[in-house]
Amino acid sequence: MSAYALKIEVRSQYLPDQSDPDKHQFAFAYTINISLAGTVPAQLIARHWVITDGDGKEQEVKGLGVVGHQPLLAPGQQFEYTSWVVIETPVGSMRGSYFCVAEDGTRFDAPIPEFALAMPRTLH
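Keep in mind that this is a model prediction, so the values were computed, not measured. (Residues numbered from 1 in each chain as written. Predicted model: local features only at pLDDT ≥ 70, side-chain atom pairs only at ≥ 80, totals over all residues. Heavy atoms only, no water.)

A.B. asks: Which residues make up the sheet that holds strand 2 (residues 26–36), and what values do they have?
C.D. replies: Read from one edge to the other, the open sheet built from three strands follows the order 1-2-6, with strand pairing classed as antiparallel. Of all strands in the sheet, those with a lone pairing partner are strand 1 (6–14) and strand 6 (78–87), marking the two edges. When the angles between neighbouring strand axes are averaged without regard to direction, this sheet yields 20 degrees. (Pairing = 2+ DSSP bridges. Helix = DSSP H or I, 4+ residues; strand = E, 2+ residues; numbered from the N terminus. Axes fitted to C-alpha atoms, helices over the stretch in contact; angles between N-to-C directions.)

Dropping the structure here:
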């Protein structure tokens, strides 16, 4: 394992109360648990997301921190947050990366593996 590494786990869920399928608005919450898997403390500085809907339309989101925070993590520490996204189709995906700076000044990107955004199917 690298001295500079984050472990990232993601859970996503459809938000029916925030969605309007008639207007092609499908809302999803995603909860991300970030833990420092490396040996050098590091701070999450910025995020970069690529959000893809079921038609292949992509949107990019870049910004400082996550939900107003730039957490500083020591080895083994965790930070969890929940955010949300709206896409135009009932199925899509997200992937991205976090830009981090370690305590010793080393800069690194931590990849966020692609995860699904999917509205559950309902039977009538």
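A.B. asks: Before we move on, can you summarise the nonpolar core with the specific residues and values?
C.D. replies: Membership of the largest hydrophobic core comes to 29 residues, with the highest contact counts inside it found for L6, W49, Y81 and Y98. Looking at this core, the elements with two or more residues in it are strand 1, strand 2, strand 3 (42–53), strand 6, strand 7 (91–102) and strand 8 (107–118). Broken down by element, this core gets its largest block of residues, six residues, from strand 2. (Core = buried A, V, L, I, M, F, W, Y, C linked by side-chain atoms within 4.5 Å. Buried < 20%, exposed > 50% of the residue type's maximum accessible area, 1.4 Å probe, protein only.)

A.B. asks: Let's hear about the side chain of S35: which residues, and what values?
C.D. replies: Residue placement: S35 occurs in strand 2. S35 sits in the buried class, given a relative accessible area of 11%. Beyond its immediate sequence surroundings of up to four residues, S35 is in contact with A5, L6, K7, Q77 and Q78. (Contact = heavy atoms within 4.5 Å.)

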